[in-house]
Every structure is written in C-alpha cells, then in structure tokens.
Amino acid sequence: MSVLRKHLFDLPEGVIYLDGNSLGPLPKCVAGRVAQMVTGEWGAHLIKGWNIDGWMDQPARVGDRVGHLIGAVPGSVVMGDTLSIKVYQALSAALQMRPARRMILSDSGNFPTDLYMAEGLIRHLSHGHDLKIVRPEEVMENITNEVAAVMLTHVDYRTGRMHDMAAITKAAHAAGAVMIWDLAHSAGAVPVDLAACGAEFAVGCSYKYLNGGPGAPAFIYIRPDLADQVDPALAGWLGHAAPFAFDLEYRPAPGVARMRVGTPPVLQMTALDAALDVWEGVDMGDLRAASIALSERFIAEVAARCPGLALASPHDPELRGSQVSFHFTHGYATMQALIAHGVIGDFRAPDIMRFGFTPLYIDEGDVIAAAEILGRILKDRLWDDPAYHARQAVT
Ligand SMILES: *Cc1c(COP(=O)(O)O)cnc(C)c1O
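Residues numbered from 1 in each chain as written. Predicted model: local features only at pLDDT ≥ 70, side-chain atom pairs only at ≥ 80, totals over all residues. Heavy atoms only, no water.

(A) Quick look at the site of the ligand. Contacts to the ligand come from Thr82, Leu83, Ser84, Phe111, Thr113, Asp114, Thr153, Asp182, Ala184, His185, Tyr207 and Lys208. One of the backbone N or O atoms of leucine 83 is found 3.3 Å from an oxygen atom in the ligand. The side chain of aspartate 182 places a nitrogen or oxygen atom 3.4 Å from a nitrogen atom of the ligand. Elements represented by at least two residues in the shell around the ligand include exactly helix H4 (83–97) and helix H5 (112–125). For the shell around the ligand, the residue count by class is 4 nonpolar, 5 polar and 3 charged. (Near = heavy atom within 4 Å. Polar contact = N/O pair within 3.5 Å; in protein donor to acceptor, adjacent residues only side chain to side chain. Helix = DSSP H or I, 4+ residues; strand = E, 2+ residues; numbered from the N terminus. Nonpolar A, V, L, I, M, F, W, Y, C, P; charged D, E, K, R; others polar.)

Here it is in structure tokens:
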C-alpha cells in the first residue's frame, strides 16, 4: 500500500527535499499543536501543566510511540537529551555489565560523536578500556570474548551501508558481549525489530526521519529484562524512583525511566509528539518497499545522466538504508548548485553527496526531476561558480 502522504507536510513550493535523513521537514500538524501547548498549557496553566497536561509523562508516552516504529515493546523506550548523551549512558551501562572486559568494538562507519563519547567515557573511567575501531566489513571477525560492548550505528550516515542487525547481535551475544545499536538513520527509515534481535541497548535521534524538528530529543531503549539492573552513570533527579521525595541519596526509577536525567524539553517533545501523527497507519514493510523503489530509480537516473559520479552506497538495496550517496570531487559545489536549483541534499566531507529517500513525502516524479537537475548542473558545469564554493558552517 502507498505510504505517500505529502499533504501532511509543509514543504516549500518548488523544493525537492532529499535531506529528511538529516532534518525532517515540518508536518502540518506541528505548528498548531505547539502554539496550543504554549498558550493553552504553559500560558494558561503555568506550573500546574506538569500535572494536568501530562508534561512529566511525555518522555515515556512519546517513547512508546517511537518504540512502536522500531519494534520495541511499550515501556522500553524513553525520550530525552541529545543522542550523544544517550550514547554515553548506554555505553557506560554496558561496560558496567561486563566488568571483567576492557574492549569496546566499533567501526569506522560510526558517527564521530559516538566515538568521541566513547573516548571521553574511557578517559574518565580510567579503568584501562580500549576503543577498537575496525572497518565495517571486519566487525564480525573482531567480536571476540575480550569485547565488553559492540557499539555500532546500524545505517552508515555517509554511505547508507546497513549492518545485519540480527547477525551481529547474535555474534556479540555468542561472545558474551553487550550490543548497542545506534538507530539514528534507521528509526523511521527501515524496519527495525529490536525485540526480536535481543540487543541490550539502542539509541537514536528524532529530528531525522521522525521529523521532530531541530533539537528534538533523543531516545534510548533498554531490553526490558535488564532495565532494572542498569546503574545509570548520569544519575539525574528525574531518573530517581521518587524525584519529589527530594531524598539526598539516589535510587534509580524502575525500568528505562532511570535513563531520564533532568527536566524534559516539553516544547520540543510536543512538536515531536505531533510529528509522530504522520506515521499513523504506515506499514514499515510498505515504507521499505517504497524507499527501495525510489532509491533504485534515482541511482538508475543518475547513472544515465551523470557519468562522472561514483556510487558510494552499496549497489544491493538490501544492504542500504534509506539514503544514496555519490563520490564526486566537486561534490560540495555541486550540492550548493543543486540547492540553488531547488533540490536539497547535503554534503559530507571529503567528497560525498548525500540524498535521503523518505517515501512519506517524496515520490517518483521528485526523484526523476532531481536527477534531471543534477544532470544539467554537471553537464553545463553550473557548479563551477565561486558562489557555490564558499563553505558554510553546516554542510
Ligand atoms: C545524527 C547522529 C548523531 C547526532 O547526535 P546529537 O547528539 O543528536 O547531535 C549521533 N550519532 C549518529 C549515528 C547520528 O547519525
């Protein structure tokens, strides 16, 4: 069944948006809901809003809605903070679960902040942990019984290459390691069955394919049978069993709620909660089929029109997430020219042009038009204009 529902999004006229993998566009229902929250809840109810408007339960309630899209059972996901913080929490908890082991295994396809957070944690623990970074294809053979935690991003942010979540989790468990998946480019992009794969932890953000808006809160999942054993490194008052008892000692809340830290970002979470309405009735299998059809069509159109571009993503759609990337020496300038011509993708150093496929609001006509415009920019060297070479802070 078609999952296309462009009418639910506020997309600027004349723009083909192939960057929903980086910042999802604005669903139409968000602005009204946020305005209502600001004036009708915050403005009218003041501090009473924490109780009467359910602000305090938002992280768990919205977490369940996200959990539904990634195969997590209700009560196993909670929202809050940024993804970098959630990586830190998951990794510190995982290391505590394997106190005799000292190795963290990750790969060079991981997003830098995940690796930086691991390095920072290692330095501050001072227990002699090591972060081993291997190439993505070498992960399996490096899962040994020295590994405390395998920490990977499921879909590579640059190339879209997708790990086999079930197989790697199985190998991690066979070696006695804890598995942490970063689903930043998976949640809302590809079907994920967290409960079936048995991973201990998963984390992700909600401003990419979930369209929660810039700065929308991250999520963290703990496998339900383990949640009560996790000892939170960031022992904030809202992860306490009884925050309003104001005890001097920390006692973690039952379950994944212990991964809450401080006051939730109610405005952002309201925007995300509204944005999640666009997923009502979407079958993730249908979404995946549509995403593959779009990305295959784009690759074919680009191959026909742009001989100078080399596919940086796997050719086999089963091995890709919901994005397609190309290597091109003049990738930055070409992307700037594309954006000036109404096709928005993005650029990742050193030479990757990246396009996200989001079947809720992108259709075949968009994909063909985008490839046509890209073909024209390359053929006529429209990218070779000083205006397109100046680097901005966010690429
Ligand atoms: C987008 C992304 C992040 C961003 O982290 P923030 O803390 O939200 O800025 C982290 N990790 C991965 C894998 C990502 O794709």
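(B) Structural detail: a nonpolar patch on the surface. Together, Trp237, Phe244 and Phe246 give the surface a local cluster of nonpolar side chains, amounting to about 370 Å² of exposed area. With respect to the helices and strands, the residue tryptophan 237 is situated in the loop between strand E8 (219–222) and helix H8 (266–275). Here tryptophan 237 falls in the partly exposed class, since its relative accessible area comes to 37%. (Patch = residues over 30% accessible without salt bridge, like charges linked within 9 Å, V, L, I, M, F, W, Y side chains within 5 Å. Areas by Shrake-Rupley, 256 points an atom, 1.4 Å probe, with all protein chains shown as cover. Salt bridge = Lys/Arg side-chain N within 4 Å of Asp/Glu carboxyl O. Buried < 20%, exposed > 50% of the residue type's maximum accessible area, 1.4 Å probe, protein only.)

(C) Molecular detail of unusual backbone geometry. Cis geometry marks the peptide bond from alanine 349 to proline 350; its omega dihedral reads 5 degrees. Mapped onto the secondary structure, proline 350 falls in the loop between strand E12 (346–348) and strand E13 (352–356). We note that aspartate 81 has phi near 60 degrees; this positive angle belongs to a residue other than glycine. Relative to the helices and strands, aspartate 81 is located in the loop between strand E2 (77–79) and H4. Unusually for a residue other than glycine, serine 126 sits at a positive phi of about 55 degrees.

(D) H5, seen in detail. For H5, with 14 residues, the first-to-last C-alpha span of 20 Å sits near the 20 Å given by 1.5 Å per residue. Turning to H5, its buried residues number three or more, namely Thr113, Asp114, Leu115, Ala118, Gly120, Leu121 and Ile122. Buried residues along H5 sit against H4, strand E3 (103–107), strand E4 (130–134), strand E5 (147–153) and strand E6 (178–182). Positive phi appears at serine 126, one or two residues downstream of H5, with a value of about 55 degrees. (Expected span 1.5 Å × (residues − 1). Contact = heavy atoms within 4.5 Å.)

(E) The arrangement of the pairing of E8 in detail. Burial of E8 is two-sided: the residues Phe219 and Tyr221 facing one way and the residues Ile220 and Ile222 facing the other way are all buried. When E2 meets E8, the two strands line up antiparallel, connected through 3 bridges. The residue of E8 that forms the bridge with valine 77 is tyrosine 221. Pairing of strand E7 (residues 201–204) with E8, which is carried by 4 bridges, proceeds in the antiparallel orientation. In the sheet register, glycine 204 faces E8, and the bridge partner there is phenylalanine 219. (Pairing = 2+ DSSP bridges.)

(F) Structural context of the pairing of strand E10 (residues 323–327). Across the 5 residues that make up E10, a large majority, 4, are buried. Inspection of the sheet shows strand E9 (residues 310–311) paired to E10 by 2 bridges, in the antiparallel sense. Paired with alanine 310 across the strands is histidine 327, a residue of E10. Two elements, E10 and E13, share 5 bridges in a ladder whose sense is antiparallel. By the bridge assignment, phenylalanine 326 is partnered in E13 with methionine 353.

(G) Expanded view of the packing of aromatic side chains. On inspection of all chains with the given rule, the structure shows 12 aromatic pairs. Centroid distance phenylalanine 244 to phenylalanine 246: 5.5 Å. Interplanar angle 85 degrees. Geometry classified as edge-to-face. Among the residues examined, phenylalanine 244 registers a relative accessible area of 55% and is labelled exposed. Exposure remark for phenylalanine 246: the relative accessible area of 55% places this residue in the exposed category. Every member of this aromatic cluster is reached through a ring pair, and the members are Phe298, Phe326, Phe355 and Phe357. For lysine 208, the ring lying beneath its charged end belongs to phenylalanine 111, and the centroid distance is 5.5 Å. A cation over a ring is seen here: arginine 391 above tyrosine 332, with NZ or CZ 4.4 Å from the ring centre. (Phe/Tyr/Trp six-rings, centres within 6.5 Å; stacked < 30°, edge-to-face > 60°. Lys NZ or Arg CZ within 6 Å of the ring centre and 35° of its normal.)

(H) Highlighting the domain arrangement of the protein. Looking at the assigned domains, one finds that the protein contains domain 1 (6–28 + 283–389) and domain 2 (54–279). Here domain 1 and domain 2 have C-alpha centroids that lie 29 Å from each other. On the side of domain 2, 23 residues touch domain 1, which itself brings 30 residues to the contact. When the two sides are added together, the surface that domain 1 and domain 2 hide from each other amounts to roughly 2,100 Å², 65% of it contributed by carbon and sulfur. Counting every contact that joins domain 1 to domain 2 gives 0 salt bridges. (Domains from an automatic or database assignment. Buried area = accessible area lost by both parts, 1.4 Å probe.)

(I) Examining the pattern of salt bridges more closely. If you walk through the whole model with that rule in mind, you get 24 salt bridges. Here aspartate 363 makes a salt bridge to lysine 6, at a shortest N to O gap of 3.4 Å. Of the two residues, aspartate 363 sits in the loop between E13 and helix H11 (364–379) while lysine 6 sits in the segment before strand E1 (16–17), which places them 357 residues apart along the sequence. For lysine 6, a relative accessible area of 30% corresponds to the partly exposed category. One salt bridge in this structure joins glutamate 372 and arginine 305, with 3.9 Å as the shortest N-O distance. Separated by 67 residues along the polypeptide, glutamate 372 in helix H11 and arginine 305 in helix H9 (residues 284–305) bring together distant segments of the chain. Under the relative-accessibility criterion, glutamate 372 is labelled partly exposed at 39%.

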